[in-house]
Amino acid sequence: GALPAFEQLTPELQKFVASQYDLALEYFRNRDYDRSLFEVRKIFQYVADYKDARDLERYSVESKQRLQAQEDERRRREAEEANKARVARLVVEVEGHMARKEYVQARELFGEIVAIDPDNAQVPGWRKEITEYEEAREREPGPGRSGTPDEREDDPGRPGEGLNGQ
C-alpha cells in the first residue's frame, strides 16, 4: 500500500523521521555517504518523502560514486607511478649490462620492461645493438675460420679442419 503523508504519522514517528533526516543530513555534510544513505532510507519505510530526503538520497549516491571515481583515479595514478619507477630501475640495470656487453643478462630484462611499458622506445634499440654485435662477431675471423663467411668451412668435423685450422 501507499505510505501515509508525514502529517498522518503519530507524533513519535514524526519525531523519528525528523531525527533520521537530521542524522542523514549530518552524515552527508561530513562526507560519510554510506551512513547518510543508510539513515535517509529508514525514512522511506514510513513516508514516501520528507523535506528533500529523496534529493538527499540521490546526492548521497552521486557523491559516493564521485568519491569512488576519485579514489579509483588516485589508485590508478599510484600504480602508474610505481610502474614508471620500476621501468626506470630496469632501464638503469639494462644500461649497465649493455655497457659491460652482458647481453644475456640485458635480454632477460627486456620482457619485464615491455610487459610494463609495451611502447618502450629503448628496448628495440638495445635489441638492434645486440644483433649487430653478434653479427659482427660471426664475421670476425677466429680459430678455424677464414676471413669471410663464404670462404670458411663451418664444419669442424671434416677431416683436416679442426679447431686449430689444420
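Here the structure is a predicted model, which means the values were calculated and not measured.

A word on the overall build of the protein chain. Secondary structure summary: the protein chain contains five helices and zero strands in total. In sequence order, the secondary structure elements of the protein chain are arranged as α-α-α-α-α. Classification of the 166 residues of the protein chain by burial places 23% in the buried group. Taking the intrachain contacts of the protein chain between residues at least 6 apart in sequence as the baseline, contacts between residues at least 24 apart amount to 47%. Of the roughly 11600 Å² of accessible surface on the protein chain, a fraction of 49% belongs to carbon and sulfur atoms.

Between its terminal C-alpha atoms helix H1 (residues 11-29) stretches 27 Å, which fits the 27 Å expected from 19 residues at 1.5 Å a residue. Where H1 is buried, its residues meet helix H2 (33-43) and helix H3 (53-99). Just beyond H1, the residue with positive phi is Arg31, at close to 60°.

Taken residue by residue, H2 has Tyr33, Ser36, Leu37, Glu39, Val40 and Ile43 as its buried positions. Buried residues belonging to H2 abut H1 and H3.

The next point concerns unusual backbone geometry. With a phi angle near 60°, Arg31 is a residue other than glycine that sits in the positive phi range. Along the polypeptide, Arg31 turns up in the loop between H1 and H2. Unusually for a residue other than glycine, Lys101 sits at a positive phi of about 55°. Structurally, Lys101 can be placed in the loop between H3 and helix H4 (103-116). Note on Lys101: relative accessible area 48%, which makes it partly exposed.

Thresholds applied
Within each chain, residues carry numbers counting from 1 in the order of the written sequence. In keeping with the model being predicted, local features are shown solely for residues with a pLDDT of at least 70 and side-chain atom pairs are shown and tallied solely at 80 or more, while totals for entire chains, interfaces and linings include all residues. Where side-chain values are given, they derive from all heavy atoms of the structure, hydrogens and water being excluded. Numbering goes from the N terminus for both helices and strands, where a helix is a DSSP run of H or I of at least four residues and a strand is a run of E of at least two. A 1.4 Å probe rolled over the protein chains alone gives each residue an accessible area, and that area as a share of the maximum for its type sets the label: buried under 20%, exposed over 50%, partly exposed in between. Every residue pair with non-hydrogen atoms within 4.5 Å of one another is taken to be in contact. The Shrake-Rupley method, run with a 1.4 Å probe sphere, supplies the accessible areas, and residue values consider only the shown protein chains as cover. To estimate how far a helix should extend, the number of its residues minus one is multiplied by 1.5 Å.

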